Amino acid sequence: MSKPPLGVRIQRFLPYFLFAPALSYIMVLVGYPLIQAVQLAFTDPSTGAFSSVNFQTLFNDPHFWDALRNTFLLALIVIPIQVFLALIIALLINTRFKGHNTLLYIVTLPLTISDVAAGLIWYSILAPRGFLNKFLINVHIISKPIYFFGYAFRHMEFLALVATEVWRATAIVFVIIFAGLQMISRDYLEAAEVFGATFRQKLRYIILPLLKPSLQAALLIRTLFALQIFGVVWILAGRDIPVLAGEAYYWQTDVRNYHVASAYAIIIALISIIISFIYITTLKPHYARRE
Amino acid sequence: MTMRKEIFTPEKKQQIYRLLLYGGAVIVSVWILAPIALIALAALSTPRDLYDIHKVLPTSFTLDHMYKLLFVLGAWQALINSILVALLTIGLSFLLGLPAGYALSRFIFPGRDTLKLLVLTTRMFPVMILAIPLTVLYIQLGLSDTLVGVALAHTSMVLPFVILITSSIFASVPVEYEEAAMIFGLSHAKAFLKVTLPLALPGLAASAIFTFIMSWNEVFVAAILTFTNRTLPAHILTTALASPDYFKFAAGLIMTIPAMIFVFIARKYLVTMWGITLR
């Protein structure tokens, strides 16, 4: 058998050749930091020896447990609201009413607004002299401003975070759900209508089951982002409400202890991996199952 | 089948349906738009109106806070830095990501699935774990506190997205066009440059904007890797807490405007694009 011609041989290696630059970049600027992070987290800063001292520091710090609790609590409150709202808005736009394109544009606007900017936007509404307080005082519902910010009011601060996150990041969930909704064939819905299905029946037996992969993707993405929540919290609450990424930032920039900061980063990454795994195994769509 | 007495006539039902539809649309629009309008009002109102408890909406306006924030408090330089970092990130991530995306969309080769999986997993890593160790590496390389350093980190953040987006854009250009061009004697590279690339250009432009927004909005990495050469979000994050309210509001407005302009330009593509990358 003779060798294939030169052109074919080059062709065979072309995809690898095209992928090589990106792959080497990922190896160096993703792979290296990953290894380095593990190394930093497991090194004793004073002796340079392998040690779990950084994790001991972290586990003995009450701020860590607060941060863990707050990060999860925020995710648990914010994400269900976002999924619920996003689903309603997606169904609304999918009716293709006149003007639905305008609404689509408006709803996706917050996608481009950074968490820091969103925090400042909601601060202008909820500040002691913000629009909400001024409005409520002037219609005589309250006589003194409601305080949302400051350590003494951190339960209210938590509410402010929820309001900001729901406003800012519902759009991400919406985009995923809307994309999934558009892929559901109109034939199914029309067939259901022929048999006299109500809207609720269509939602329960056709739309939601077919939307399951999109819902799964939306949930996963939102949860991963929620675990990294930082900008909003830092701008609105600082360390009044510790979160995992905020603590990592604090140890990195204020304490200048890269080792403990890396330990935080590793914990965020580990939780992300575990949650991805749980989502992917438990929420797997069952296309084959018929009932 | 049983006959059920309808409470509403079909016309009445239609009316209620329309009312719910448009009512819902109006409520959602106000919920999204009002905060943006309010930050603009807050950023432009005079301190007297801002702190006057009896004035819900300001009536006198000034550009003073925007001007001072930009030119006295260093936000202008930070804004320029942000743009430079974003442009560098676009350039670098496209230089690396475009060929990879093309390879994924046009070739079936051993290891393709593994590479795709690698790209997908890279996307899942939190930026914290990428950025914190980089501070140590950057000190050794002399890249700490440089815009190039931030752009390199942003590139590793956006590269997986760029690969996935460009591969789906190239996949939407029929491979037959490229093959036809090659039959007429063009080389593969020429066929790509003269046929596929022009057809993919609008999508690529939109994905460049997507990349721009990701870099423009990123704050954790930028704040950790710089001390003086801050990008805008990092600059605001580290100075806002000590600033009076009107500067905070001005900062919120300045950060919001450019991204909104970009989305307006590329709105047709962006929704599908986010759909692709987030799946």
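None of these values were measured; they are calculated from a predicted model. (Residues numbered from 1 in each chain as written. Chains lettered and ligands numbered in written order. Predicted model: local features only at pLDDT ≥ 70, side-chain atom pairs only at ≥ 80, totals over all residues.)

1. Observations regarding the overall build of chain A
When helices and strands are tallied, chain A shows twelve helices and zero strands. Start at the N end of chain A and walk to the C end: the helices and strands fall as α-α-α-α-α-α-α-α-α-α-α-α. Relative to its length of 291 residues, chain A is extended, with a C-alpha radius of gyration of 25 Å against a globular reference of 19 Å. The C-alpha extent of chain A, read off along each of the three principal axes, is 80 × 60 × 35 Å. Within chain A, the fraction of its 291 residues that count as buried is 40%. (Helix = DSSP H or I, 4+ residues; strand = E, 2+ residues; numbered from the N terminus. Rg over C-alpha atoms; globule rule 2.2 N^0.38 Å. Buried ≥ 20, exposed ≤ 12 C-beta atoms within 10 Å, placed from the backbone.)

2. Topic: the overall build of chain B
Secondary structure summary: chain B contains twelve helices and zero strands in total. Written out in order from the N terminus, the α and β elements of chain B read α-α-α-α-α-α-α-α-α-α-α-α. Scaling as 2.2 N^0.38, a compact globule of 279 residues should have a C-alpha radius of gyration of about 19 Å, whereas chain B reaches 25 Å, well beyond that. Split into buried and exposed, the 279 residues of chain B put 46% on the buried side. Relative to all contacts within chain B whose residues are 6 or more apart in sequence, the contacts with residues 24 or more apart total 73%. (Contact = placed C-beta atoms within 7 Å.)

3. A short note on the environment of L20 of chain B
Among the structural elements, L20 of chain B can be located in helix α1 (residues 10–44). Taking C-alpha positions, L20 of chain B is 32 Å from A42 of chain B, a pair spaced 22 residues apart along the chain.

4. Here we look at the confidence of the model for chain B
Residue and element names in this part refer to chain B. Confidence in the prediction of chain B, expressed as mean pLDDT, is 88, and 94% of residues score 70 or more. Mean pLDDT across the secondary structure elements of chain B bottoms out at helix α12 (residues 245–278), with 78, and peaks at helix α4 (residues 75–106), with 95. This complex was scored by the predictor with a pTM of 0.89 and an ipTM of 0.87. (pLDDT = per-residue confidence, 0-100.)

5. Brief notes about the interface of chain B and chain A
Counting residues at the interface gives 72 residues for chain B and 79 residues for chain A. If one sorts the elements of the side of chain B that touches chain A by residue count, α12 of chain B sits on top with 17 residues.

6. Structural notes on the confidence of the model for chain A
Within chain A, residue pLDDT values average 89, and 94% of them lie at 70 or more. Overall, residues 287–291 of chain A carries pLDDT values under 50, and its contacts beyond four positions in sequence, including any with other chains, amount to zero contacts.

7. Quick notes on the domain arrangement of chain B
Residues and elements named next belong to chain B. For chain B, the assigned domains read domain 1 (10–51) and domain 2 (71–278). With centres defined by C-alpha atoms, the gap from domain 1 to domain 2 works out at 32 Å. Between domain 1 and domain 2, the contact holds seven residues from the first and seven residues from the second. Those elements giving two or more residues to the side of domain 1 that touches domain 2 turn out to be α1 and α2 (47–51). Take the side of domain 1 that touches domain 2: its biggest share by element is five residues, from α1. (Domains from an automatic or database assignment.)

8. Some words on the nonpolar core
Core analysis: the largest hydrophobic core is formed by 165 residues, its most contacted members being Y264 and A265 of chain A together with M128, A131 and F220 of chain B. For this core, the two domains that each supply at least three residues are domain 1 (10–51) and domain 2 (71–278) of chain B. With near-sequence residues (within four places) excluded, Y264 of chain A lies in contact with L58, L244, E247, A248 and W251 of chain A together with M128 of chain B. (Core = buried A, V, L, I, M, F, W, Y, C linked by C-beta atoms within 7 Å.)

9. Observations concerning the packing of α4 of chain B against helix α9 (residues 188–217) of chain B
All names here are of chain B. Put simply, α4 and α9 touch, their axes get as near as 9 Å, and they point 130 degrees apart. On the basis of their axis angle, the class for α4 and α9 is oblique. As for the relative orientation of α4 and α9, their crossing is right-handed in sense. Mapping the contact onto sequence places S82, V85, A86, T89, I90, S93 and F94 in α4 and A208, T211, F212, S215 and W216 in α9. Partitioned by chemical class, the residues of the contact of α4 with α9 number seven nonpolar, five polar and no charged. (Axes fitted to C-alpha atoms, helices over the stretch in contact; angles between N-to-C directions. Parallel < 35°, antiparallel > 145°, perpendicular 65-115°, else oblique. Left-handed = near helix turned anticlockwise from the far one by under 90°. Nonpolar A, V, L, I, M, F, W, Y, C, P; charged D, E, K, R; others polar.)

10. Overview of the environment of F262 of chain B
Mapped onto the secondary structure, F262 of chain B falls in helix α12. Once residues lying within four places of it in the same chain are set aside, the contact partners of F262 of chain B are T112 of chain A together with I209, F212 and I213 of chain B.

11. Notes on the environment of L88 of chain B
Residue and element names in this part refer to chain B. Relative to the assigned elements, L88 resides in helix α4. On the neighbour-count criterion, L88 (18 C-beta atoms within 10 Å) is partly exposed. The spacing of L88 and L152 is 64 residues in sequence and 8.3 Å in space, taken between C-alpha atoms. Beyond its immediate stretch of four places on either side in the chain, L88 contacts V148 and A151.

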